[in-house]
Amino acid sequence: MAAAETFSITTPIFYVNDAPHIGHAYTEVAADVLARWNRQSGRDTWSLTGTDEHGQKILRTAVANGVTPKEWADKLVDEAWVPLLKTIDIANDDFVRTTEVRHESVVQAFLQKLYDTGFIYDGEYEGFYCVGCEEFKQQGDLVDGAGEFDGQWVCPIHGRPVEVLKEKNYFFRMSDFQQRLLDLYESQPDFLQPDSVRNEIVSFVRRGLDDLSISRQSFDWGVRVPWDDSHVVYVWFDALLNYVSALGWEPTADAPAFERFWPSNHIVGKDIARFHSVIWPAMLMAADLPVPRRVFAHGWLLVGGEKMSKSKLTGIAPSQITEVFGSDAFRYYFLRAINFGQDGSFSWEDLSARYQAELANGFGNLASRVVSMVGRYCDGILPPATEVTEAEERIHAVLASAVARAEAAMERFAIHEALAAIWTVVDELNGYLTEQEPWKVAKDEERTARLHTILYTAAEGLRALAVLLSPVTPQATQKLWRALGAESALGSLTDQRIPDAGEWGQLPAGAVVSPMEGLFPRIEQEATV
Ligand SMILES: [Zn+2]
């Protein structure tokens, strides 16, 4: 018997020292929408997020704040990261922290396995180390310092001098995996997407791979190397393993969750695509484990033309947006306005304009009008459609096509295309009401059957929209679902299957339609500036 189709998805684990900004929230929302969509498509689904808590910089900040690094991380998780998930309505299945025992024990077991099989050796490393990046830099990657750093090599990302470190290190034989990685990119083109990132990584790997230094002796905030406790594991090597530690992978015993959900899909920012598509699969190959199902790199959010980054204080807190527009609008806006995989610009003006045009006037107003007309003309009891004409058949066809196109787009993680396809139904239904003018038909007692058909068609269209948009705007669609009487007639919204959403006639005549507050309330103009 074939196992149920599964879908598992991860975000990068967030560097706990960062302040959450809209870039983090964007990644979270994209992964969450894909998880909800797949779950509602009937797949056995699992989604993971979490925090990266080791490394020299966290140690230094904790010391500067007079607490232990673990206390520091606990505070940030409680005060910043868990609240972020709530702010943007994320329904993750697990949250992994790299300081948890379940994670640290996997890092050690994994490392030991690679050591025992000869993929790790000891050597000496001397290089330029950027504490901000937590990595050694090639000289060619550095820039000349200016001002107070005149005459020194400076990290181009952090703008601060790098340190020269020389230490005994353990090395991972990454160079062994060059050909296998190239074969992977070749044989499984969707392993790494979009193509722009894939091409860049392929040429990087073609130039040859160095072995990777995977331990540090200069500080001790990290996972101990199991056979040499004077070393801690390099933070990236440690952090990448969260994707399997959260699934309870073990080298020797059965791990049911790992069997069930690995390999996962990884959503990452393109700046960390190299770690996920070169180092990570090489690590897995060395351990004889399957590589990820897919690594999808999204673009950067630009604000005023500048990249949102962890080291520049241009970050906008997600709550600044959700407090004005709500979490549904946040989720919708970033996934609709930006082609997923490409860079995109954020502006308050664009957010405000799309909120007004697409959510409030487009979808929200459609829902309010239909619900209130069923109340006014039919005492809140959904009438049957008995006079199906070409106009109604056109709605059925537009819906069926939208579902098919949205499903195909979501398979490719083209979330913006899926939303555009679903929005053809919103636009079509608005056009239908404008054309059919049910408020005029209602004045003619001879045309009651026609009025009923129009109202049924519009309400049934909204039923489908609630299902299709529930992964993106879960709160508004839930309100609409209840108001349509669909909860009692058809069961809970999240139990509705997306592939069946286009099947016409599910909402039964006789359903009790009840008054509904506006799905996307009017925003006071001054609040947005
Ligand atoms: Zn740096």
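Look a little higher up for the structure.
One structure accompanies this document, and this report is about it. Please read these numbers as outputs of a predicted model, since none were measured by experiment.

Considerations on the sheet that holds strand E12 (residues 215-216)
An order of E12-E14-E13 is seen for the three strands of this open sheet, with the pairing classed as antiparallel. This sheet does not close on itself; its edge strands, each paired only once, are E12 and strand E13 (224-225). Where E13 meets strand E14 (residues 228-233), two bridges bridge the pair, whose relative direction is antiparallel. Residue Val225 lies in a different strand from E14, and its bridge partner there is Asp228.

Comments concerning the nonpolar core
If you look at the biggest cluster of nonpolar residues, it comprises 113 residues, and the most contacted ones within it are Phe334, Phe363, Leu462, Leu465 and Leu480. When neighbours within four sequence positions are excluded, Phe363 is seen to be in contact with Glu358, Trp423, Val426, Leu462, Leu465, Leu469, Thr477, Leu480, Leu519 and Phe520. In this structure, Ile13, Phe191, Val235 and Ala246 belong to the second largest nonpolar core, which totals 64 residues.

Focus: the pairing of strand E15 (residues 265-269)
Burial analysis of E15 places five of its five residues in the buried class, the great majority of the element. Burial along E15 is two-sided: Asn265, Ile267 and Gly269 and His266 and Val268, pointing in opposite directions, are all buried. When strand E1 (residues 6-10) meets E15, the two strands line up parallel, connected through two bridges. Within E15, the position partnered with Ile9 by the bridge is Asn265. Pairing of E15 with strand E16 (residues 294-298) involves five bridges; the strand directions are parallel. Paired with Val268 across the strands is Ala297, a residue of E16.

Here's the deal with unusual backbone geometry
Cis geometry marks the peptide bond from Gln193 to Pro194, where omega comes out at 0°. By the element assignment, Pro194 lies in the loop between strand E10 (192-193) and helix H6 (195-206). Between Trp262 and Pro263 the backbone carries a cis peptide bond, its omega angle lying at 5°. With respect to the element layout, Pro263 can be found in the loop between helix H9 (256-261) and E15. The backbone of Asp288 shows a phi angle near 65°, a positive value even though the residue is not glycine. Among the structural elements, Asp288 can be located in the loop between helix H10 (273-286) and E16.

Details of the coordination of the zinc ion
The protein atoms donating to the zinc ion are Cys130 (SG), Cys133 (SG), Cys155 (SG) and His158 (ND1), with metal-donor distances spanning 2.1 to 2.3 Å. Around the zinc ion sit four donor atoms, and with donor-metal-donor angles ranging over 98 to 114° the site reads as tetrahedral. Along the chain, the residues donating to the zinc ion fall in the pattern C-x2-C-x21-C-x2-H. Separated by 25 residues along the polypeptide, Cys133 in the loop between strand E5 (120-130) and strand E6 (135-137) and His158 in the loop between strand E8 (153-154) and strand E9 (163-172) bring together distant segments of the chain.

Criteria and thresholds
Residues numbered from 1 in each chain as written. Predicted model: local features only at pLDDT ≥ 70, side-chain atom pairs only at ≥ 80, totals over all residues. Heavy atoms only, no water. Pairing = 2+ DSSP bridges. Helix = DSSP H or I, 4+ residues; strand = E, 2+ residues; numbered from the N terminus. Core = buried A, V, L, I, M, F, W, Y, C linked by side-chain atoms within 4.5 Å. Buried < 20%, exposed > 50% of the residue type's maximum accessible area, 1.4 Å probe, protein only. Contact = heavy atoms within 4.5 Å. Donors = N, O, S within 2.8 Å, 3.2 Å for Na, K, Ca; no water. Tetrahedral: all angles 85-135°; square planar, octahedral: opposite > 155°, others 65-115°.

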